[in-house]
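Chain residues, written in single-letter form:
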Amino acid sequence: MLPPRTILRRLLILRPSKSPSISRSSTRLFTRHTNFTCRGRPQIPFLSVPLARNHQFRYLTTERKRWLASEVYRGLQYTIYLWLIGGSFVIVYWTVQQDWLETKYPTPDEWSFQTRLRFRLARWVPDRVELPETNWVTIGNYTKNVLERLEDTTIDGKGLVPVMDGTADESGTTTAYDITAKSEPWRRGYYEALMLHAKAAENLDDQVVDSRHLVFPADQVIGPSNPNPKPIRHGSPSAPHEKDCKPAFEKPDLIYKKILATKGFTFKQKLDAALEYASYLDFKGLPELASAMYDKALAITMESSSRPYDIKSYVLQDITHHPSANLLNTLTALATHKARNGDIVTALPILISILRARRSLPLPQPDKKPSGEQKPPSRFSLTGMISFVRRFVYTPVYPPPPPDGSAPPVRDAKELCEEAGLNLYIGEIIYASSSKAGSREDGLAWTREAIDLAEEQLHRLNNNNNDDDDDSATSQNAKSKEAVAEAKKTCKECLSSGLENWRTMVATLAREEREREALEQTKGASGGGWLAGLWGDGSVEHAMRGRWAAEESVVKERTKRAMEVLEDVEPPKAGFLSMFTA
């Protein structure tokens, strides 16, 4: 066997040599520069460099996909966060609002959540200052739903027993219930719902609802019974047709009769319902039915006591025993009813006897505060902040029942304003019942006395309220504030009505005075002569004749002064929060 070096040498010898015909110049050498027709690089797509003028590139790369996905995820994340924050603010605001409404308009704890919520909203609607007018349709819908839930044995009316002698008349039929098995807060809340329902029915008595479920006044309905319908407001839906309409609400008569027929209400609650029903009948122009209802109210008042008044004249005779608050209020309502229907001879003695009885009432006892009582803590102290937080953690206690009115009242601020109201009634009756100058001046004197008394009590209440203003939230303090607010309301109504009556009376007398002066000047110009100068110029008589014109200016000044107490102007707030108030 040959060695490897010998074999390699033989192979090299046997290798064929190149043909001599091939020119040396035709040999392709990649290491030398040769002339080609295309001097550029080969244009291979995946090796080409993208240029600005080359539009063939990828819009959605892998990096761009990742960036878009992260942006979408972040946008959804921020959106969810914003909705959660906004929803949390709405829930917190709604919770605080419901806590405030529960504190201002308490509801029984036994009621379900929806019943309590709708009853709070129904009571809140009349007090909302941002509304141009009270929406009685909303109130009626709320109270109707509340009563349906309270009378449903599967929701809040467990244990109710229908009264067999249910109320029925030509206006419809309703069912009264026996609620004696329920607790006192439940019964009181049910009574308040019925009374608010009746008040809504009074305000919607002339309203109809059409097939579109829209409420319109009856005088805007197009139909044979209303040949001249009133125009609707601008922007309102088209007027309804009579064939598509029905009463928007049930009759107030049925609701009041239902209250009077319900078993379980106190005699005070039935008395108030009877007086409201009688006032409604008086407003509808049914004096006979109103008189019968006032007699029924007197019968309810005198169920457990003897009559201190004359049966025929209704004048209080025995004032040695102080009459009850219910009797005073009922006789006052009866006297105003008789005066409103022209029976002044009967009304005036009743009012005077009531005024005499009120002036004989005992004075209120001064509040005795313990010597060791400390001043309530400030709102920004630790104790004040803890009490503020407790208001939102603990449910407000349902208030105790109000007085039943069987005891005689005391001569506090509210009762003094009631006396001022009696003075107004008496002054108006005396002024309107006679055309003599002396009687009219007596009526004006009664009216001025009422205005002075009401304004004095308002000033006293405002001063006491400023002195006792604190941040304590005790039940006694809340009850006192509620009594002060009720007294202020009574005094303001009396003062505003007295100023209006005084203005009307003086304007009438001043007009008659000017007419007399014009007539006398005409007679003096025609019947005078050179002898008229012998008796003076009559300046004193002219001054006497300008008395009522001068009192007109006094009434205007007095009205401007009274606006300070009639309008609730809050004092500027002190502290850090005052910087953020206008």
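Scroll up to find the structure this text is about.
Let me begin by describing the structure that accompanies this report.

Basis of the calculations
- Residues numbered from 1 in each chain as written.
- Predicted model: local features only at pLDDT ≥ 70, side-chain atom pairs only at ≥ 80, totals over all residues.
- Heavy atoms only, no water.
- Pairing = 2+ DSSP bridges.
- Helix = DSSP H or I, 4+ residues; strand = E, 2+ residues; numbered from the N terminus.
- Disulfide = S-S within 2.5 Å.
- Buried < 20%, exposed > 50% of the residue type's maximum accessible area, 1.4 Å probe, protein only.
- Core = buried A, V, L, I, M, F, W, Y, C linked by side-chain atoms within 4.5 Å.
- Contact = heavy atoms within 4.5 Å.
- Expected span 1.5 Å × (residues − 1).
- Arc of directions from axis to C-beta.
- 1 Å grid on protein atoms, 1.4 Å probe; cavity = no way out; pocket = protein on both sides within 12 Å on 5 of 7 lines; lining within 4 Å.
- Points joined across faces, edges and corners; volume = space filled by probe spheres on them.

## Things to note about the sheet that holds strand S5 (residues 207–209)
- Spatial strand order, S6-S5-S7: 3 strands in an open sheet with antiparallel pairing. In this open sheet, the two edge strands, each paired with only one partner strand, are strand S6 (215–217) and strand S7 (246–247).

## A few points about the state of the cysteines
- In total, this model carries 1 disulfide according to the counting rule given.
- A sulfur-sulfur distance of 1.6 Å marks the disulfide that ties cysteine 417 to cysteine 491. Since a negative S-S torsion denotes a left-handed disulfide, the cysteine 417-cysteine 491 link at about 85° is right-handed. Of this pair, cysteine 417 sits in helix H12 (residues 413–433) while cysteine 491 sits in helix H14 (residues 475–527); the two residues are 74 residues apart in sequence, bridging distant segments of the chain.
- On the basis of relative accessibility, which here comes to 2%, the residue cysteine 417 falls in the buried class.
- Sulfur of cysteine 494: no disulfide; nearest cysteine sulfur belongs to cysteine 417 and is 6.2 Å away.
- Using a relative accessible area of 6% as the deciding quantity, one classes cysteine 494 as buried.

## What to know about the nonpolar core
- Counting 65 residues, the largest nonpolar core has Tyr190, Ile259, Leu316 and Leu331 as the members making the most contacts within it.
- The residues contacting leucine 331, other than those within four sequence positions of it, are Leu298, Tyr314, Leu316, Ile350 and Ile354.
- With 27 residues, the next largest nonpolar core counts Ala454, Cys494, Val506 and Ala562 among its residues.

## So, helix H8 (residues 287–301)
- The end-to-end C-alpha distance of H8 is 21 Å, a good match for the 21 Å that 15 residues give at a rise of 1.5 Å each.
- Taken as a whole, H8 has its buried residues at Ala290, Met293, Tyr294, Ala297, Leu298, Ile300 and Thr301. Seen end-on, H8 carries its buried residues on one side only, within an arc spanning 155°.

## Structural notes on unusual backbone geometry
- Its identity is not glycine, yet histidine 213 carries a phi of approximately 65°, on the positive side.
- Relative to the elements of secondary structure, histidine 213 occurs in the loop between S5 and S6.
- Among the residues examined, histidine 213 registers a relative accessible area of 69% and is labelled exposed.
- Positive phi is not limited to glycine here, since tyrosine 314 has a value of about 60°.

## Details of helix H3 (residues 113–124)
- Helix length check: H3 (12 residues) gives 17 Å between terminal C-alpha atoms against 16 Å at 1.5 Å per residue, within 8%.
- Close packing links the buried residues of H3 with helix H2 (62–104), helix H4 (136–150) and helix H5 (184–203).

## Quick word on empty space enclosed by the protein
- Applying the stated rule across the entire model yields 1 cavity of 30 Å³ or more.
- Within this model, the largest cavity holds a volume of roughly 40 Å³.
- Lining of the largest cavity is provided by Glu184, Arg187, Arg188, Gly264, Thr266 and Gln269.
- Counting residues per element, the lining of the largest cavity draws most heavily on H5, which supplies 3 residues.

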